[in-house]
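Residues per chain are reported as follows:
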Amino acid sequence: MSETSFTPRVFSGIQPSGNLHLGNYLGALKRFVDWQDRDVESIFCMVDLHAITVWQDPVDLKKSTRELCAGFIASGLDPEKSILINQSQVPEHAQLAWVFNCIARMGWMQRMTQFKDKAGKNAQNASLGLFAYPALMAADILTYHATHVPVGEDQKQHLELTRDIATKFNHDYGIDFFPVPEPVIEGAATRVMSLRDGSKKMSKSDPSDASRINLTDDADTIAKKIRKAKTDPEALPSEADGLEGRPEARNLINIYAAMNNQSVDEVLADVGGKQFSEFKPMLAELAVSKMSPITTEMARLMEHQDEIDKILSRGSERARAITAPILRKTYEIMGMVPPIEM
Ligand code: AMP
Ligand code: TRP
């Protein structure tokens with residue numbers, strides 16, 4: 001089927017599971033804003049139904065969902081331009097997920113490495129939802145007929161599955177109904193690494209708070225964490241080849257490049273030959289200037305939860321104008337008897 005016959009539309013989601021950090025910002029939020037600014041219709045989702053595939057404390061889930069929404073807006077997503085939604089408020093996600101549970105094959109699901117990682121040795125005790133997670137993700141995307149999905153490297157396999165589901169549905173019903181969406185994995189910061197260990201991903205679950213810059217950190221904390229970041233004793237190279245085997249140096253340069261909208265080569269052309277004692281204050285200054293407006297706005301929004309809740313309600317209303325007709329059509333294609341107007 002042709003992948004170009006659908007109007008370009010962007011969809012992506014993040015789990016509201018707390019502790020938004022610089023990796024989420026550079027790897028996801030900032031890239032979402034770039035899409036929005038390209039004037040492509042875009043939908044960004046707090047995937048609370050995905051979060052509950054593992055136990056969530058109800059009070060924390062509510063707080064994390066609002067905090068994520070605040071993070072989206074503070075990062076530059078404009079709720080008038082983009083559609084911002086909380087997944088559970090748009091019922092078509094879960095409804096289409098059921099349909100896709102019936103399209104996806106057990107064998108496909110069993111190959112998902114994220115399930116194997118998350119379920120660990122105790123797969124028998126994992127929730128059925130954790131196993132079905134990627135079918136819900138396919139529904140998130142396809143209930144909007146989205147064509148482009150900005151994600152991190154780790155979601156590539158789930159996107160492949162989404163493509164397989166769309167293709168099988170179209171084939172089984174002999175109709176070009178769902179687009180086969182493209183993953184978009186790009187930018188200098190698709191993997192921001194820990195500030196304490198350049199071989200580990202910056203992660204919300206790292207026990208060391210110094211390993212990450214949180215979107216709730218104030219300016220002093222941001223600067224301090226960068227000053228203390230692990231480095232090596234060499235001066236910075238003038239070309240990217242010189243970062244080989246120097247994961248911490250590479251990470252700090254990648255962060256600088258992504259924050260300053262530059263390529264790694266451009267940054268190295270400027271800072272090559274400098275010692276970390278000179279480079280770190282430059283990075284700290286850049287990080288504070290880029291991040292503290294975001295952290296400040298996030299904190300302000302968190303004081304006005306009613307504003308956040310209104311934005312999400314309005315978002316789901318706009319979303320349903322897209323998703324309800326697509327679900328209706330899906331049911332019609334499959335032979336469900338529709339309700340009649342009375
Ligand atoms: P997570 O926090 O793992 O649920 O991820 C939410 C989003 O942020 C996904 O799009 C991830 O790919 C992205 N992300 C998470 N950690 C990093 C990181 N260290 N570097 C780059 N992107 C990340
Ligand atoms: N699984 C994604 C993650 O953990 C989150 C997600 C859910 C998502 N639904 C999506 C991402 C749809 C892109 C599109 O990061």
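Everything discussed here concerns the structure shown above.
Residues numbered from 1 in each chain as written. Chains lettered and ligands numbered in written order. Predicted model: local features only at pLDDT ≥ 70, side-chain atom pairs only at ≥ 80, totals over all residues. Heavy atoms only, no water.

1. Let's talk about the packing of aromatic side chains
A full pass over the atoms with the stated rule returns ten aromatic pairs. Both rings, one in Phe-32 and one in Phe-44, keep their centres 4.5 Å apart while their planes meet at 10°; by these two values the pair is stacked. Placement of the pair is Phe-32 in helix H1 (residues 22-37) and Phe-44 in strand S2 (residues 41-46), with a sequence separation of twelve residues. When sorted by exposure, Phe-32 lands in the same class as Phe-44, which is buried. Aromatic pair Phe-32 and Phe-72: ring centres 6.1 Å apart, planes at 85°, arrangement edge-to-face. With a gap of 40 residues between them, Phe-32 in helix H1 and Phe-72 in helix H3 (residues 58-74) connect regions that are remote in the sequence. Each member of the pair, Phe-32 together with Phe-72, is buried. Through successive ring pairs, a cluster of aromatic residues spans Phe-100, Phe-169, Tyr-173, Phe-177 and Phe-178. The lysine or arginine in question, Arg-38, covers the ring of Trp-35, its NZ or CZ lying 4.3 Å from the ring centre. (Phe/Tyr/Trp six-rings, centres within 6.5 Å; stacked < 30°, edge-to-face > 60°. Helix = DSSP H or I, 4+ residues; strand = E, 2+ residues; numbered from the N terminus. Buried < 20%, exposed > 50% of the residue type's maximum accessible area, 1.4 Å probe, protein only. Lys NZ or Arg CZ within 6 Å of the ring centre and 35° of its normal.)

2. Structural notes on the packing of helix H4 (residues 92-103) against helix H8 (residues 156-173)
Interaxial distance between H4 and H8 falls to 10 Å at its minimum, and their mutual angle equals 75°. One finds that H4 runs roughly perpendicular with respect to H8. Of the residues in H8, those in contact with Val-99, Phe-100 and Ile-103 of H4 are Ile-165, Lys-168, Phe-169 and Tyr-173. (Axes fitted to C-alpha atoms, helices over the stretch in contact; angles between N-to-C directions. Parallel < 35°, antiparallel > 145°, perpendicular 65-115°, else oblique. Contact = heavy atoms within 4.5 Å.)

3. Remarks on helix H9 (residues 219-227)
Here H9 has its buried residues at Ile-222, Ala-223, Lys-225 and Ile-226. For H9, the angular spread of buried residues about the axis comes to 165°, placing them on one side. Exposed and oriented more than 90 degrees from the buried face of H9 are Asp-220 and Arg-227. On its buried face, H9 sits against helix H12 (276-302). (Arc of directions from axis to C-beta.)

4. Quick word on the site of ligand 2
Near ligand 2 you find 13 residues, and of these His-50, Tyr-133, Met-137, Asp-140 and Gln-155 are the closest. Here a nitrogen atom of ligand 2 and a side-chain polar atom of Asp-140 are 2.7 Å apart. Here a nitrogen atom of ligand 2 sits 3.0 Å away from a polar atom, N or O, in the side chain of Gln-155. Alone, ligand 2 offers 360 Å² of accessible surface; in the complex the protein occludes 89% of this. When atom positions are compared with the pocket grids, ligand 2 is found to occupy the largest pocket. Looking at the shell around ligand 2, the elements that each hand over two or more residues are strand S1 (9-14) and helix H7 (128-142). In terms of residue count, H7 provides more of the shell around ligand 2 than any other element does, four residues in total. A breakdown of the residues in the shell around ligand 2 according to their chemical character gives seven nonpolar, five polar and one charged. (Near = heavy atom within 4 Å. Polar contact = N/O pair within 3.5 Å; in protein donor to acceptor, adjacent residues only side chain to side chain. Areas by Shrake-Rupley, 256 points an atom, 1.4 Å probe, with all protein chains shown as cover. 1 Å grid on protein atoms, 1.4 Å probe; cavity = no way out; pocket = protein on both sides within 12 Å on 5 of 7 lines; lining within 4 Å. Sits in = over half its atoms within 2 Å of the grid points. Nonpolar A, V, L, I, M, F, W, Y, C, P; charged D, E, K, R; others polar.)

5. Focus: the pattern of salt bridges
What the rule picks out here adds up to 20 salt bridges. Of the charged contacts, one joins Glu-41 and Arg-9 as a salt bridge, the two residues approaching to 2.9 Å between their closest N and O atoms. In this pair, Glu-41 sits in strand S2 while Arg-9 sits in strand S1, placing the two residues 32 residues apart along the sequence. Overlapping salt bridges bring together Asp-209, Arg-212, Asp-217 and Lys-225 as one network. (Salt bridge = Lys/Arg side-chain N within 4 Å of Asp/Glu carboxyl O.)

6. Quick look at empty space enclosed by the protein
Under the criterion given, the structure shown has two cavities of 30 Å³ or more. For the largest cavity, the calculated volume is near 80 Å³. For the lining of the largest cavity, the element with the most residues is H3, which contributes three residues. Here the residues of the lining of the largest cavity are counted per class, giving four nonpolar, six polar and two charged. Estimates place the volume of the second largest cavity at around 50 Å³. If you go around the second largest cavity, the residues you meet are Met-112, Gln-114, Phe-115, Lys-118, Leu-130, Tyr-133, Pro-134 and His-158. Counting only elements with at least two residues in the lining of the second largest cavity, the list comes to helix H6 (113-119) and H7. Here the residues of the lining of the second largest cavity are counted per class, giving five nonpolar, two polar and one charged. (Points joined across faces, edges and corners; volume = space filled by probe spheres on them.)

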